[in-house]
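Spelled out from the first residue to the last, the chains are:
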Amino acid sequence: MSSKARLSPCDRVGILGGGQLGRMLATAGARLGLDVVIFDPQAGCPASRVAAETITAPYEDLEAVARFAKSVDAVTYEFENVPVETAAEAARHAPLRPGVQALEVAQDRFAEKSFLNQHTAPTVAFKPVESADDALAAVEAIGVPSVLKTRRFGYDGKGQAVVREAGAAGDAFVAISQQPAILEAFAPFVRELSVIAARSLDGQMLTYPLCENAHADGILRETRAPASVSPEIAAEAVRIAEAILTALDYVGVLAVELFELKDGRLLVNEIAPRVHNTGHWTEAACRVSQFEQHMRAVAGWALSDPAPIRRARMINLIGDDVEGWADWLANPRAVLTLYGKRQTRAGRKMGHVTVLED
Ligand code: AMP
């Protein structure tokens, strides 16, 4: 490996994580002439089947992590629950983009919201909760309805309980298995939006237009983009994204999930230090996809214009939805992506389709 800031074509980029995001990043990397090396605990993971090379080992195997990082010119990650020690070990041997701090912030909801508020990104009110007594005190301070969430390892709505009356605080703490948590005020949002932004090694920042997202059972179902929003809301989203990117000295693509309130204010729900499901539409409908944008940044290269060419509706194919793949193939407005997962399970993201609109 070399520790040069800017990679050359045919250099090697390592990705920690080999799910569908790693697969789409590896494909984008290959288009740019980069060789992608995947590190994932699971043999035959989706990304391994499109990458130049794969290392199969647990994230805790720091010797394997060191070997992996020494064999590449830069390292990135495709999910935010890569252990911090794993990322830090990789960073000892190759430039890690984005860095370790982005993971630390994104892995703990209390650290995340504290960090966001410190850097002018507004969120709902929140309190840390370590016990049933804390939960009750937090509900008394914040009010109802509120949401109790585990601090760590929550995704797709897992590890969350809505508290509708103060007396239910203890039950909610039991419902999330009495783990360290935060209590959040319930955001009375009119829409869920997200913004996908990128920052280069030189500090250039570019932002895709806002996306409007619909969830069911805590899982993203559909994204429409660009969302129709006022210029003020669009500008506020860019301000928030740039504040976070700058504070983290970030290199790569970052997603910011937002609640839009009735009065037009935006609150940050959470950030993802990676390419994001709500940015998948960019591959079919923008000049440069979020995947290519991320790989450009990781390589230390110039970013490209994120302007959309078409309006788009991205639909996740979850569980059995994927059975409709042949119909989507036959639809001339649809761009289908399948993740190569051999087993279909309820709630599992199997692919997505982007329908291009006029
Ligand atoms: P999360 O795992 O934090 O992204 O939450 C998953 C989904 O739960 C969000 O997309 C929202 O629909 C909902 N949700 C989470 N937190 C809140 C909140 N504080 N107020 C209202 N809805 C929320």
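Preceding this paragraph is the structure being described.
Sequence order as written defines residue numbering, which begins from 1 separately in each chain. Per-residue local features are limited, in this predicted model, to residues with pLDDT of at least 70; the limit for side-chain atom pairs, both in listing and counting, is 80 or more; totals at the level of whole chains, interfaces and linings are taken over all residues. Only heavy atoms go into the side-chain values, all of them from the structure, while hydrogens and water stay out.

Focus on the overall build of the chain
Piece 1. Put simply, DSSP marks the helices as runs of H or I at least four residues long and the strands as runs of E at least two long, and each gets a number from the N terminus on. For the chain, the count of helices and strands is 11 helices and 17 strands.
Piece 2. Our radius of gyration looks at C-alpha atoms and nothing else; its globule reference is 2.2 Å times the residue count to the power 0.38. Rg of the C-alpha trace for the chain: 20 Å, near the compact-globule value of 21 Å for 358 residues, within the 12% margin.
Piece 3. For the exposure calls, accessible area comes from a 1.4 Å probe over protein chains only, and a residue counts as buried if that area is under 20% of its type's maximum, exposed if over 50%, partly exposed in between. Across the 358 residues of the chain, 53% fall into the buried class.
Piece 4. Working rule for contacts: check all heavy atoms of both residues, and any pair within 4.5 Å makes them a contact. Across the chain, contacts joining residues at least 24 apart in sequence account for 62% of those joining residues at least 6 apart.
Piece 5. The Shrake-Rupley method, run with a 1.4 Å probe sphere, supplies the accessible areas, and residue values consider only the shown protein chains as cover. Accessible surface, the chain as shown: approximately 14900 Å² in total, 50% of it carbon and sulfur.

Focus on unusual backbone geometry
Piece 1. The step from R97 to P98 runs through a cis peptide bond, and the omega angle for that step is -5°.
Piece 2. Here P98 is to be found in the loop between helix 3 (84–93) and helix 4 (100–107).
Piece 3. Residue P145 follows V144 across a cis peptide bond; omega there is -5°.
Piece 4. Among the secondary structure elements, P145 is positioned in the loop between helix 6 (132–142) and strand 6 (146–150).

Regarding the nonpolar core
Piece 1. Ranked by internal contacts, the top residues of the largest apolar core, which has 44 residues, are F39, V75, I244, V256, L258 and I271.
Piece 2. When residues in this core are grouped by element, the largest group, six residues, is from helix 8 (residues 231–247).
Piece 3. The split into domains, and so the bounds of each, comes from an automatic or database assignment of domains. There are two domains that each give this core at least three residues, and those are domain 1 (12–96) and domain 3 (189–357).
Piece 4. Apart from residues lying up to four places away in sequence, I244 is in contact with F115, L116, A121, L254, V256 and I271.
Piece 5. The nonpolar core is taken to be a set of buried Ala, Val, Leu, Ile, Met, Phe, Trp, Tyr and Cys residues, with the residues joined through side-chain atoms within 4.5 Å. Counting residues in hydrophobic clusters, the runner-up holds 41 residues, among them L34, V36, A74 and C286.

Structural notes on the sheet that holds strand 7 (residues 160–163)
Piece 1. Strand pairing is assigned whenever DSSP detects at least two bridges linking the two strands. Taken in spatial order, the four strands of this open sheet run 5-8-6-7, and their pairing is antiparallel. With one partner strand each, in any of the chains shown, strand 5 (126–129) and strand 7 form the two edges of the open sheet. On average, adjacent strands in this sheet sit at an angle of 25° to one another, irrespective of strand direction.
Piece 2. Pairing between strand 5 and strand 8 (residues 181–185): four bridges, direction antiparallel. Its bridge partner being in strand 8, K127 is matched across the sheet by L183.
Piece 3. Across the sheet, helix 5 (residues 109–118) is in contact with strand 5, strand 6, strand 7 and strand 8; its angle to strand 5 comes to roughly 150°.
Piece 4. Strands strand 5, strand 6, strand 7 and strand 8 of the sheet are contacted by helix 6, whose axis makes an angle of about 170° with strand 5. Note on geometry: axes are C-alpha line fits, over the in-contact stretch for helices, and angles between N-to-C directions span 0 to 180 degrees.

Focus on a nonpolar patch on the surface
Piece 1. A cluster of nonpolar residues, W325, L329 and L338, forms a patch on the protein surface that exposes about 300 Å² of accessible area.
Piece 2. The topology assignment puts L329 in helix 11 (residues 325–329). The patches reported here contain residues having more than 30% relative accessible area and no salt bridge. Joining distances are 9 Å for like charges and 5 Å for nonpolar side chains (Val, Leu, Ile, Met, Phe, Trp, Tyr). Salt bridge criterion: a side-chain nitrogen from Lys or Arg within 4 Å of a carboxyl oxygen from Asp or Glu.

Examining the environment of E323
Piece 1. Along the chain, E323 turns up in the loop between strand 15 (311–318) and helix 11.
Piece 2. For the pair E323 and T344, spaced 21 residues apart in sequence, the C-alpha to C-alpha distance is 9.5 Å.

Here's the deal with the site of the ligand
Piece 1. What makes a residue near a molecule or strand is one non-hydrogen atom of that residue sitting within 4 Å of it. Near the ligand, the surroundings consist of 16 residues, among which K149, Q160, A187, E192 and E270 are the closest.
Piece 2. What qualifies as a polar contact is a pair of N or O atoms within 3.5 Å, subject to a donor-acceptor requirement within protein and to the restriction that residues adjacent in sequence count only when both atoms come from side chains. With respect to the ligand, the side chain of R109 contributes an N or O atom lying 3.0 Å from an oxygen atom.
Piece 3. Protein burial of the ligand: of its 470 Å² of free accessible surface, 90% is covered by the chains.
Piece 4. Elements with a minimum of two residues in the shell around the ligand: strand 6, strand 8, strand 9 (189–199), strand 13 (252–261) and strand 14 (266–272).
Piece 5. By the convention adopted, Pro, Cys, Tyr, Trp, Phe, Met, Ile, Leu, Val and Ala count as nonpolar, Lys, Arg, Asp and Glu as charged, and the other residues, Gly among them, as polar. Among the residues making up the shell around the ligand, the classes are represented as six nonpolar, four polar and six charged.
Piece 6. Per-domain counts for the shell around the ligand show at least three residues from each of domain 2 (125–185) and domain 3 (189–357).

Some details on the packing of helix 2 (residues 62–70) against helix 3
In a packed pair of helices, the relevant descriptors are the angle between the two axes and the axis-to-axis distance.
Piece 1. One can describe the packing of helix 2 onto helix 3 by two numbers: an axis separation of 8 Å at closest approach and a directional angle of 40°. With respect to their mutual orientation, helix 2 and helix 3 come out oblique. Handedness of the crossing formed by helix 2 with helix 3: right-handed. Contacts between helix 2 and helix 3 involve L62, V65, A66, A69 and K70 on the former and, on the latter, E85, T86, E89, A90 and H93.
Piece 2. Classifying every residue of the contact of helix 2 with helix 3 by side-chain character gives five nonpolar, two polar and three charged. Roughly parallel means an angle under 35 degrees; roughly antiparallel means over 145; roughly perpendicular covers 65 to 115; every other angle is labelled oblique. Here a crossing is called left-handed whenever its near helix is offset anticlockwise from the far helix by less than a right angle, and right-handed whenever the offset is clockwise.

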